[in-house]
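One letter stands for each residue in the lines below.
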Number of protein chains: 2
Amino acid sequence: MALVNEHFLKLPGSYLFSDIAKKVNSFKITHPKQDVIRLGIGDVTRPLPPACIEAMHKAVDEMADAKTFRGYGPEQGYDFLIEAILKNDFAPRGVHLSPAEIFINDGAKSDTGSIGELLRWDNSMAITDPVYPVYVDSNIMCGRAGVLEEGGTWSNVTYLPCTEENGFVPELPKHRVDLIYLCYPNNPTGTTLTHEQLKKWVDYALANDTLIVFDAAYEAYIHEDNVPHSIYEIRGAKKVAIEIRSFSKTAGFTGVRCGYTVVPKELTAATLEGERIPLNQLWNRRQCTKFNGTSYITQRAAEAIYTPEGKQQVKANIDYYMQNAATMRKSLEAAGLKVYGGVNAPYLWLKTPNGIGSWRFFEQMLYEANVVGTPGVGFGPSGEGFLRLTAFGTHEDCEEAMRRIRKWLA
Amino acid sequence: MALVNEHFLKLPGSYLFSDIAKKVNSFKITHPKQDVIRLGIGDVTRPLPPACIEAMHKAVDEMADAKTFRGYGPEQGYDFLIEAILKNDFAPRGVHLSPAEIFINDGAKSDTGSIGELLRWDNSMAITDPVYPVYVDSNIMCGRAGVLEEGGTWSNVTYLPCTEENGFVPELPKHRVDLIYLCYPNNPTGTTLTHEQLKKWVDYALANDTLIVFDAAYEAYIHEDNVPHSIYEIRGAKKVAIEIRSFSKTAGFTGVRCGYTVVPKELTAATLEGERIPLNQLWNRRQCTKFNGTSYITQRAAEAIYTPEGKQQVKANIDYYMQNAATMRKSLEAAGLKVYGGVNAPYLWLKTPNGIGSWRFFEQMLYEANVVGTPGVGFGPSGEGFLRLTAFGTHEDCEEAMRRIRKWLA
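Calculation rules
- Residues numbered from 1 in each chain as written.
- Chains lettered and ligands numbered in written order.
- Predicted model: local features only at pLDDT ≥ 70, side-chain atom pairs only at ≥ 80, totals over all residues.
- Heavy atoms only, no water.
- Helix = DSSP H or I, 4+ residues; strand = E, 2+ residues; numbered from the N terminus.
- Buried < 20%, exposed > 50% of the residue type's maximum accessible area, 1.4 Å probe, protein only.
- Contact = heavy atoms within 4.5 Å.
- Least-squares fit on C-alpha atoms with pLDDT ≥ 70 in both.
- Polar contact = N/O pair within 3.5 Å; in protein donor to acceptor, adjacent residues only side chain to side chain.
- Core = buried A, V, L, I, M, F, W, Y, C linked by side-chain atoms within 4.5 Å.
- Pairing = 2+ DSSP bridges.
- Axes fitted to C-alpha atoms, helices over the stretch in contact; angles between N-to-C directions.
- Domains from an automatic or database assignment.
- Buried area = accessible area lost by both parts, 1.4 Å probe.
- Salt bridge = Lys/Arg side-chain N within 4 Å of Asp/Glu carboxyl O.

Enquirer: Would you take a moment to explain the environment of His7 of chain B for this structure?
Expert: Residue and element names in this part refer to chain B. As for its placement among the helices and strands, His7 is situated in the segment before helix H1 (16-30). Judged by its relative accessible area of 26%, His7 is partly exposed. The spacing of His7 and Ala145 is 138 residues in sequence and 9.3 Å in space, taken between C-alpha atoms. With residues up to four places along the chain from it excluded, the contact list for His7 reads Ile140, Met141, Cys142 and Gly143.

Enquirer: How should I be thinking about unusual backbone geometry in this particular structure?
Expert: Backbone geometry follows two general trends: most residues other than glycine have a negative phi, and most peptide bonds adopt the trans configuration. Residues and elements named next belong to chain A. Going from Tyr184 to Pro185, the amide bond is cis rather than trans, its omega being -10 degrees. Its place among the elements puts Pro185 in the loop between strand S5 (179-183) and helix H6 (195-208). One non-glycine residue, Arg257, lies in the positive phi region at around 75 degrees. Take Arg257: it is sitting in the loop between helix H7 (248-251) and strand S8 (259-262). On the basis of relative accessible area, Arg257 is assigned to the buried category, the value being 4%.

Enquirer: Please clarify how the relation of the copies chain B and chain A should be interpreted in this entry.
Expert: Each of the two chain copies can be brought onto the other by rotation about an axis and movement along it. Overlay of chain B on chain A (RMSD 0.0 Å): rotation 180 degrees, translation along the axis 0.0 Å. Expressed as an axis order, the relation between the two copies is that of a two-fold axis. Considering only C-alpha atoms, the residue of chain B closest to the rotation axis is His57 of chain B, which sits at 3.1 Å. Mapped onto chain A, 100% of the interface residues of chain B are again interface residues, and the two copies thus contact each other with one and the same surface.

Enquirer: Quick question: what am I supposed to make of the side chain of Asn186 of chain A here?
Expert: Residues and elements named next belong to chain A. Tracing the chain through its elements places Asn186 in the loop between S5 and H6. Polar contacts involving the side chain of Asn186 include one to the side chain of Thr189, which spans 2.8 Å. Excluding anything up to four places from it in sequence, Asn186 contacts Thr128, Thr191 and Tyr347.

Enquirer: Just to check I follow, could you spell out the nonpolar core for this structure?
Expert: Side chains of nonpolar character tend, in soluble globular proteins, to be buried together. The biggest cluster of nonpolar side chains holds 277 residues, and the ones touching the most others in it are Phe253 of chain A together with Phe253 of chain B. For Phe253 of chain B, the residues in contact, after removing those within four places along its chain, are Leu48, Cys52, Phe247, Ser248, Cys258, Thr298, Ala301, Ala302 and Ile305 of chain B.

Enquirer: Quick question: what am I supposed to make of the sheet that holds strand S11 (residues 338-341) of chain B here?
Expert: Within a sheet, adjacent strands bond to each other through the backbone by hydrogen bonds, running parallel or antiparallel. Residues and elements named next belong to chain B. The sheet built from four strands is open, its strands ordered S11-S12-S15-S14 with antiparallel pairing. Edge positions in the sheet fall to S11 and strand S14 (374-375), since each has one partner strand and no second. Where strand S12 (residues 347-351) lies against strand S15 (residues 386-390), five bridges are found, and the strand directions are antiparallel. The residue bridging Tyr347 from the neighbouring strand is Thr390, located in S15. Contacts from helix H11 (residues 358-369) reach S12, S14 and S15, with the element oriented near 50 degrees to S15.

Enquirer: Would you explain the domain arrangement of chain A in this entry?
Expert: Residue and element names in this part refer to chain A. If you check the domain split of chain A, you get domain 1 (13-42 + 315-409) and domain 2 (53-306). On a C-alpha basis, the centres of domain 1 and domain 2 stand 27 Å from each other. The interface is formed by 28 residues belonging to domain 1 together with 30 residues belonging to domain 2. Both sides of the domain 1 and domain 2 interface together cover about 2300 Å² of buried area, and 60% of this is carbon and sulfur. Interface area lost by domain 1 to domain 2 is led by Ile318, Asn344 and Phe379, which between them contribute 29%. The interface formed by domain 1 and domain 2 contains two salt bridges.

Enquirer: What exactly am I supposed to notice about the side chain of Ser110 of chain B here?
Expert: By secondary structure assignment, the location of Ser110 of chain B is in helix H4 (residues 108-114). Residue Ser110 of chain B is classed as buried on the basis of its relative accessible area, which comes to 9%. Every residue in contact with Ser110 of chain B, bar those within four places of it in the chain, is listed here: Lys290 and Phe291 of chain A.

Dropping the structure here:
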């Protein structure tokens, strides 16, 4: 008989955001007249930049004419987009990559979830805690996370707590690990690492032959100078890191799906015999076998982000969201709450008052202020006692949500 | 140190179509004035149906306005598209599926490549031979194919030859297997199974607790009555089969990326202890963790295929290609060649004259007639001595290619 991959059965019942959606739906069914403001899921609300809209209309028209129609594109993405990325996202920061080191994808989640296919199932791994659930869940699915232990942790995963006490800067693992996921600016805490802080991780990886998967999906929200936008700004990082980027939060692409993954040619992993294998060639093979490229129309939209108008429009949207973040920080602090993040990231990490648990605070806020957040503990044990709020709403919703929270807590 | 997934290193050097592209490029560099006609890769050339173009322009405009903007969609796809699929692709054939059994994807290749994640790595598998390379390569990558043996076959794969002798109808495996990939209408041979022939496979799967992955990417090309469009037209198939569909060849979506996978709720696989696990729930979890849905704009384009205008336009494109197929068949037969397929499929399976090997015939045809095909042996050992030609070119190119081949062989 066909045997199931039993690692799947170890997965906790359902995905964090589905749980939240269910709870919100129950509330709405029992309180049909209440207007709920959602600051939970990190989904954007501003429309796409006009430059992207224009580029898509043009690309759609190309698809209507046999002379300009495009069928299968390169699995790795079109050169026009890869060139724009190299020229705008990396060269100005002194990072020089070749086109073959960039792989256009249909959003960061796909590659974040699949990148582990390149590695043996039994590599040891570390994650910061709290963490974006996909890093753990995708490793549970292939057995790499090990078995679920009491307390909700996984046997082959080293958890690196990010707490108020350490200023949300994780310590290096005490035992060496093979694989580390880092996300900066961080989801969910909204905090960042300085150049010096990130350098420690690259040096650790170089010294320990560790692979870093660096998730830079929120890079566009960095406003402070000493925060690296790319891990490759750190010397030696090309030898140890894969970087994953997304246009979802940069330019509102959550509904059109595009991002990219950088796999430098210098980056290798080892066979059991110690032979070094370039991961670029393996990822290329993986993509050519299991992916057929991103929509041409979407790639044209992404290219438009890098035009002068596109850049201005993207900046305006990010400024809009960051204005929300500032309003929220100020308002929540005025209500006597402790809040982190929101300076170089669209997320605020709110400490629940009086040590209330995350889920309980989530429910209270839903039922009493009609505002939806994301319970911090949903991102890992160290998230207990926190709630994530996103700055992706409209100004009006954000202000109204803050009014409600202040009123509720008063 | 991070250890690489060594199964990747077992993969043959590169992907069939990259090899072909390299050979064609070498030819073009050494013969810059020759005009090459490509009937190799199965990529469409007709522009998208006007109904799809219109739907995409409308969807792009929705993305330009905050009131109609769509961010993250359901990972499983939008209901509007799922409903159109159920109503048009299945209900008229007496197949009743629920919306939760359909998963919209970004093209059949992604899901074909990833579906094996749901199964233990050591399930035994069977493929027809010749076969679409992704079925084998994706299983090599996770170790399921076993080790490469002399003669180019894999130790854990049962090959089911499709030859002139058996009329390209594979025999049932002699030993039971856990997993079978079937593709009908077939890529590369262009042949089909009748209702009775496919029923044997479903009955085998029911009797042997075998999972069938049924690739129906070319379903829209079926013209004869006794050829099932969906495996679910066979009684009992919902218990044993996953069906994968694509809009790529149906409506020219190779560049915009959309298809869908059907995982019936009745379909289960077993744990080692014999517990039956519904694969629908596992695939849902896989998609929610490693995929973020298909572009909203693309899904609106796919929905438009099912409008009255869309259906007419799709039919016109398919008729166009099938007219090519008829021209090609007639022409090649007139040149004294044996040719199969091309009646319910956009592929022709050409027997090389005088027992010439596939690659040799490929190169001769490239250098002497300047026409590109795909060497049959690239699809598996039983493809030796054959060449695949696609009917996806323009009428003019097809006719010119046939003139050249006839002249060359005369």
